[in-house]
Every structure is written in structure tokens, then in C-alpha cells.
Amino acid sequence: MAFISAGYNPDKPMENRITDIGPRHYDEFYPEVIKKNKGKWSHHEILEPGVLVHVAESGDKIFTVRCGGARLMTVTHIREICDIADKYCNGHVRFTTRNNIEFLVDTLDKVNALKADLAQRKFDGGSMKFPVGGTGSGISNIVHTQGWIHCHTPATDASGTVKATMDAVFEDFQSMKMPAKLRISMACCLNMCGAVHCSDIAILGYHRKPPILDHEYLDKVCEIPLAVASCPTAAIRPSKVELPNGTTVNSVAVKNERCMYCGNCYTMCPSMPLSDKEGDGIVLMAGGKVSNRISAPKFSKVVVAFLPNETPRWPTMTETIKKMINAYSNGANKYERLGDWADRIGWERFFEVCELDFTHHLIDDFRDAAYHTWRQSTLFKF
Amino acid sequence: MAKHKTPLLDQLESGPWPSFVSDIKQEAAARAKNVKGLDYQIPADVCEDLLGILELSYKDGTTHWKHGGIVGVFGYGGGIIGRYCDKPLDFPGVAAFHTVRVAQPGGKYYTSAYLRQLMDIWDLRGSGLTNMHGSTGDIILLGTTTPQLEEIFYQLTHEMNQDLGGSGSNLRTPADCIGSSRCEYSCIDTQELCYYLTMRYQDELHRPAFPYKFKFKFDGCPNGCVCSIARSDLSFIGTWKDAIQINQAEVKAYVDGQSPAGGGSHSSRDWGKFDIQKEVIDLCPTKCMAYVNGELKIYDKECTRCMHCINVMPKALKPGKEKGVSILCGAKAPIVDGAQMGTLIRPFIAVDQTMDKQLSDFDSEDEWVEYLDEKYADITEFVELVWDYWMEEGKNRERLGELMIREGLQKFLEKTETDPMAVHVQHPRTNPYIFWKEDEVDGGWERDIEEYRKAHAR
């Protein structure tokens, strides 16, 4: 490989340097019909799962074909998206906040041609490249994090758990028969780059073992006071440790029974790794939402304390998710989100109809807020 | 012939959902073939080594990525995440595998020309793998080596007029919902506000000066498609103050079954004939609606703008005309003290609906920005009050929401020059442990014990 310079001169880094220019302006990327009718849209209809039409006050229409995508995508795949956009959409394409791809076209004829084209595009392994769906009261794409593909703190993989889950709920990505929209999110550790704490169903990677202490190196690579200060439960204190070779070094000690395995210390100090094959796995949460529709936004609740990392397809996890979705779909009223349904029937009934075990792990014991989750009434169901 | 055997990952190629494994294999094959004859600037077999190391994680159940190293581009404190693998001898192609965050355009609208240009850079100088998009909203270019970082930045800025996004203790790349560009619900131009604030605060975005990360997100309406209320330190949610606009003839069309309820959102299941009483009136959380003698009545004073009726009958009902934003502060994921949602601080900052000029109406972007400085002055004033307080009082790695809890809502309202109102709480406090200020109590706190003893024997 011969190094190809783009024009940057390392001896004079400030020469012709361009900074602080931000993203490109959105006007450059709007299709004409969007530019013309921005702020003047009248209404929309979902013509079929994955296909929308927006109608402007002017009478102009724009049709959207929404496709699922693995958010991890390659140059080759994106170039294929560009080819499709060039062929049907005058080169325009957009992505949704849930990693779906949207092709915007101006006539219904183009919608049909586009759909037929998308349906026959498959990866060599057999999966679809551009499944159409993800609208209305169905299950849209999963927002997720990096996992084992690129991150230093995950307790599980993200792309794999998402692929396995979307395969399991695929029918509901392509239909709209849920009582309300159902949003699944995935985060591979408590840091929650994917912020799964307000999703109908959340898949969360979780560690269960306190950090291992690399005493020999800890003081060389970490600021001990920062590691101590990082602990939310004050489980870490400075300590002196005698190494097997007899030398004494500055390090830390961890009160294991106070550790909640959040990994905040590892973020500050690489000599305190947590990950472990037996310790790491999946927590499932349910009943959160961010919309203000009908009821206030709410946090997801932990409903399964731990499932092991059953690679490559996490079958217990996907079966448990399916059980929750089926119970919700059968029991909820039209427009009722999963969390509102669980609140209405009572969480004791939720565990019964979802066939989930309630264990002591699911009772909150973290700080004052825990008290407000205990029952202070006689209003319970047998 | 693949470089590494991946029997576990291969099982993720079946099933209908797009397989990331198949896609990475497709990229590995394309790089091996190299039809364009590129002189790949990072190892050509990077994708194969990535599959190899991922397969190892699937086997041994742990990650093989080390803590980030301090890498970046000159003068910026964010935008690049250093990443090294802990098995560089077995997987040399991914020994260094840094991430480049590229600031995404508003609404995530693209042209193929733009994407192709970006892909050409990434094909030559990176792994060929991306995230479209990262959780915060950026385009994520996944995996390159240190010598390529300045080259990529140079090409992005010089050839594409494109900047990096944020990382670290910076303002993170702000993100918006699709907004009024294609959504009739949106009460604000989310793209305009997002872009304007992104440009105004470029320094905060690129050079870490904050106690910790800070996120802006912009939702056009209370439906919250970009989840700002859960995911951003400052959540901007479009709303309105006056009456919902009603078209009675269109209401009737829904009642008569001529228009599909919810725009057809529930059409894959037979829920029976649309029943406005059951599906709209009875579900209204404030019970401020009635359907009487073929006419829909809304007692708007009692409405909390939950969007349900508008969502169900989009042709008939529209948000009001007096529009603006509600600002909520302090949302974050659970690390460290538990998850928080945004707390309502500014119920309504009006956005002047007559100020609807677009960039194309001005001779230069500078003139347009001046126009927006005026349009959004109340918002930027608030943002800067929040930052002044957080930068003064926030501890290292303390998110805004945590500071709000530590010092209390009263203090936050005071520092942001916000008058306390009943809407700030779900209900008033249930304990009387009020910390009175001395000047609120007649006579103050200094008293004379001898005076007291004149009336009260020891």
C-alpha cells in the first residue's frame, strides 16, 4: 500500500484548514416536492404496511416506501441504495430515526415498480436487503448500539440480538395488527447509547460480575481517585496491594457485595474489566414509551432479570419477547401501548399472562425511588 | 475462500431480516475483488478480520475491543473514537479500528451524489463499514487507522463541505425528527432549529469544555418520534397554545367510514367500524371532548395536547396556529444514578409563525442566520443560561439531570430565570420541609436570646 495524501500537510496542520462548518444544509437534500410544500402538509395515509402518502394543501403528493435495514451497512450496500434512489427517486433517499430507509417517489406507479424491485433484492445468504414495512401499529426497526462489533464495554452483541429478534417478529414488521405501535430497542450495556429505558420492549446487555483488578498495571494506566469517584455505590476505595513478586503498589479494592456491575469504573480505568462469559447476558425490560399520546411518557420496567448469551440466535430471548408480544396483542385495547396495558391489568397479571416468573431481582432496591415502586394499597389481584 | 471460519455468524445469514453478516461478507468479497483497482489505505482484508474477531466473541462470550486510545484530528476534541482490538496478531486487519462520526444532515435526507462521494472516501480510507446511523444521529464510519484520520477530515471538509460530529464532553451532534418537511403534525421547523443551533454552537460541539456530554434533540410534536424527552439533556418539543383546528365535514367523513382512522394505521386487523365515541372521545386523557349532534366539540382550555385525536383523524384535526416549543431538561440513560426523563422547565416559548423565510430567500447564509438569531432569541438565551449554570456548578462527569437532582428544581428554575409554576410539578410536595430563604421570613433569623428570655423563663 502506498500512502495517498489527500492534500493534508502534517508539517503545517493549520494550512488551509477548514473547521466548524457543521453538517450540510438540509435544503441541498430535499426533493423538490418537499421543498415546495414544507410546512404545508395537509394529511397522510398509510396505504399498506410500509407505504405512505403525504398530501399537501396544494394537492401535491409524495409517496414513501419504507424499508428495514441493518443499521450496520457497507459501502456496497449504500451504493445499491443510491442506485435505487437514482432509478426511482431522482437520487433522493432518507433514513428514519429508527434506521429505516425511505425512498420517496411522486407517483403510485413508481411505488409499485419500486416495491417489485425491492422484493427481489436479496443477500447471498438469503435474507432480504430491503423488506418493506415498519409503519403504523406494527413493530418497526430496532434502534441499537454497537455490541461486540466495535465496543469495549458490551455485555452482549447488538447486531446479532437485533437480527434474531427482527427475524422472530418479522411478520409484524410487515403488518399493522398490533393494538398500537410497538417499539423495541437494544443497548449492549448499561451506558445505553441506545437509550432503551423508555421502550415498549427493551433488550439490555448486563454484566453480573464485579471488575477484575489488574493490580500490577492499575496505577500506571489509571487515575485512582477518578476510578474511586466513578462508583455510584461507593464500592471502590484506594488500597495498597502486595504483588506476588513482593513489591507493593497503589491500587483499588472493591467491595463486591456493593457492586451493581455498571462498568462506570471500567470506563474510567481500563485495569478493571468486567466482561465474562457466564456473568454477561441479557436483561429484558417492558412497558416504556416516549410519546405523550393518551398517557405520559414512561420508563421501561425490568421483567426478566437475566438470560444467558445464547449465541448466535438467543432463542430464549426471542421466545420470551414473542410471548410478551402475543399476550399484549391478545389482551390490549385498540390504541393501548404495552405499558398502558400492563398498568391497566396490573403487573401481577402481566407476569401471569406473559408466563414470566417474578423473582426477587425485579423488586427495586436502588435508592429512595425504590419505595415508590412498592405497593402501598390493598388494591391487588389474586 | 473466507480467511476465518465463522460457523456461528453464518447462522445469522438466514431468516428474512437484512443480515449484517451477509452484508459484511459482501464487502469482504468486493474488497478482495477490487474491480476499481483501489490502493486500499487500510488492510484490504479488514472485513474478514472483523468477522473473525466477532466470531471469537460469539464463541467466548466477551468483547475483544480495548479501551479507546486518544486519537483525533488537530484542534478538535471530539468526532473520532479510538478503538484497538486485543488480538492484533490474530486479526491484524482490525488492530486499529477507529470510528469517525460525521454530522448528519437535518431529517437525514440525502442525495445519492452525496452518499456516493462519502462512500468513495470511506472505500479508500476505511473499512467500508458504516452505521446509518449512530444512536445520537451521526453517520458513523466504522473502522480506520490513525494515519487516515487527518486525510479523511481533509477530504470531508475540502471536498464535501462536511464536518465531523461530536463525542466526549462536548455538545453532541443535535438530531431532529422529520418535522414540517413532511409531517402535518409538526408545530415547528425542526430542521431549521436543529441546523441553526448546531451552527451557532460549533465551538461547543468540537471542543470539550463541558462537565460531560450534552445532547439536543428536536421533536416537532408531542408524539416524540426522535425521543427527545428520553434521550436529550435539552428536549425541544413542538406544541401549540390555542385551539385545535377542526374541520367538521372531515370529522364526519371519519365517522361515516369514508376516511380511514389513523390514516390506516391499524388496517391489518379487523377492529370493527370506527367508533368516534370509543376511539377518540373516551380515550381523551382530559375528557375535554364531546361528539354531539354530529359535531365535535373540544374544550381546548382543558386539553393537554396529547395528539391522540389528531393522530386518529389527521384530515379533520390540526394543531392550533399559535405554535412554539416546550423545553424539558435533564434526560439521560441510567448511568450513574438511574435513568431520567426530561423535566418540563419552559412550558411554551413562542416561535413566530410569520417568520417563515427560508435560506433561499436570502443572499447569503450569514443573513439568514441573522434572521434566525432574532427568530430564536428566546431559545438561545435559555440554552446559554442552562450552560452557564451547569458549567459553573456541574461536577466532572455529571449530567445536567444529575445536577438538577443534586441541587433541586428550585435552584434550576432560579438559575434559568424561570418563574415557578404549578405546571412544573406533577403535584406539590407531600412534606413541609421547606428551606425558607431568610429574606422570605419577616424579621430574619437573627434573634436575641435575652429578649426571648424576658417572656420565657429558662
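Nothing here was measured: the structure is a model prediction, and the numbers come from that model. (Residues numbered from 1 in each chain as written. Chains lettered and ligands numbered in written order. Predicted model: local features only at pLDDT ≥ 70, side-chain atom pairs only at ≥ 80, totals over all residues. Heavy atoms only, no water.)

Draft legend 1. How the structure looks around the overall build of chain B. Scanning chain B from N- to C-terminus turns up 16 helices and 14 strands. Viewed in the frame of its principal axes, chain B has a C-alpha envelope of about 90 × 75 × 55 Å. Taking all 458 residues of chain B together, 58% fall into the buried category. When contacts within chain B are restricted to residue pairs at least 6 apart in sequence, long-range pairs at least 24 apart make up 64% of them. For chain B, the distance from the average site of its 51 positive side-chain charges to the average site of its 69 negative ones is 6 Å. (Helix = DSSP H or I, 4+ residues; strand = E, 2+ residues; numbered from the N terminus. Buried < 20%, exposed > 50% of the residue type's maximum accessible area, 1.4 Å probe, protein only. Contact = heavy atoms within 4.5 Å. Lys, Arg positive; Asp, Glu negative; His and termini not counted. Charge placed at Lys NZ, Arg CZ, Asp CG, Glu CD.)

Draft legend 2. Molecular detail of a nonpolar patch on the surface. A cluster of nonpolar side chains, Phe358, Ile363, Tyr371 and Trp374 of chain A, forms an exposed patch at the surface whose accessible area comes to about 440 Å². Looking at where Phe358 of chain A falls in the secondary structure, it is placed in the segment after helix 11 (347–353). (Patch = residues over 30% accessible without salt bridge, like charges linked within 9 Å, V, L, I, M, F, W, Y side chains within 5 Å. Areas by Shrake-Rupley, 256 points an atom, 1.4 Å probe, with all protein chains shown as cover. Salt bridge = Lys/Arg side-chain N within 4 Å of Asp/Glu carboxyl O.)

Draft legend 3. Main features of the pairing of strand 8 (residues 234–240) of chain B. All names here are of chain B. With seven of seven residues buried, strand 8 is to be regarded as a mostly interior element. Of the two faces of strand 8, both are covered, the one formed by Leu234, Phe236, Gly238 and Trp240 as well as the one formed by Ser235, Ile237 and Thr239. In this structure, strand 7 (residues 216–219) lies alongside strand 8, joined through four bridges in parallel fashion. The residue of strand 8 that forms the bridge with Lys217 is Ser235. Both strand 8 and strand 13 (residues 323–329) contribute to a ladder of seven bridges, which runs antiparallel. Considered in strand 13, the bridge of Ser235 is made with Leu328. (Pairing = 2+ DSSP bridges.)

Draft legend 4. Geometry of the sheet that holds strand 4 (residues 72–74) of chain A. The five strands lie next to each other as 4(A)-4(B)-5(B)-2(B)-1(B), forming an open sheet whose pairing is antiparallel. Here the strands that pair on one side only, and so sit at the sheet edges, are strand 4 of chain A together with strand 1 (80–81) of chain B.

Draft legend 5. Seen up close, the domain arrangement of chain B. Assigned domains of chain B: these are domain 1 (7–159), domain 2 (175–240 + 324–439) and domain 3 (245–318). Taking only C-alpha atoms into account, the centre of domain 1 of chain B sits 47 Å from that of domain 3 of chain B. (Domains from an automatic or database assignment.)

Draft legend 6. Broad picture of the packing of helix 4 (residues 159–168) of chain A against helix 9 (residues 315–331) of chain A. Residue and element names in this part refer to chain A. It is at 10 Å that the axes of helix 4 and helix 9 come closest, and there the two elements cross at 45 degrees. Overall, the two elements helix 4 and helix 9 adopt an arrangement that is oblique. For helix 4 against helix 9, the interelement crossing comes out right-handed. Of the residues in helix 9, those touching helix 4 at Thr161, Ala164, Thr165 and Ala168 are Met317, Thr318, Ile321 and Lys322. (Axes fitted to C-alpha atoms, helices over the stretch in contact; angles between N-to-C directions. Parallel < 35°, antiparallel > 145°, perpendicular 65-115°, else oblique. Left-handed = near helix turned anticlockwise from the far one by under 90°.)

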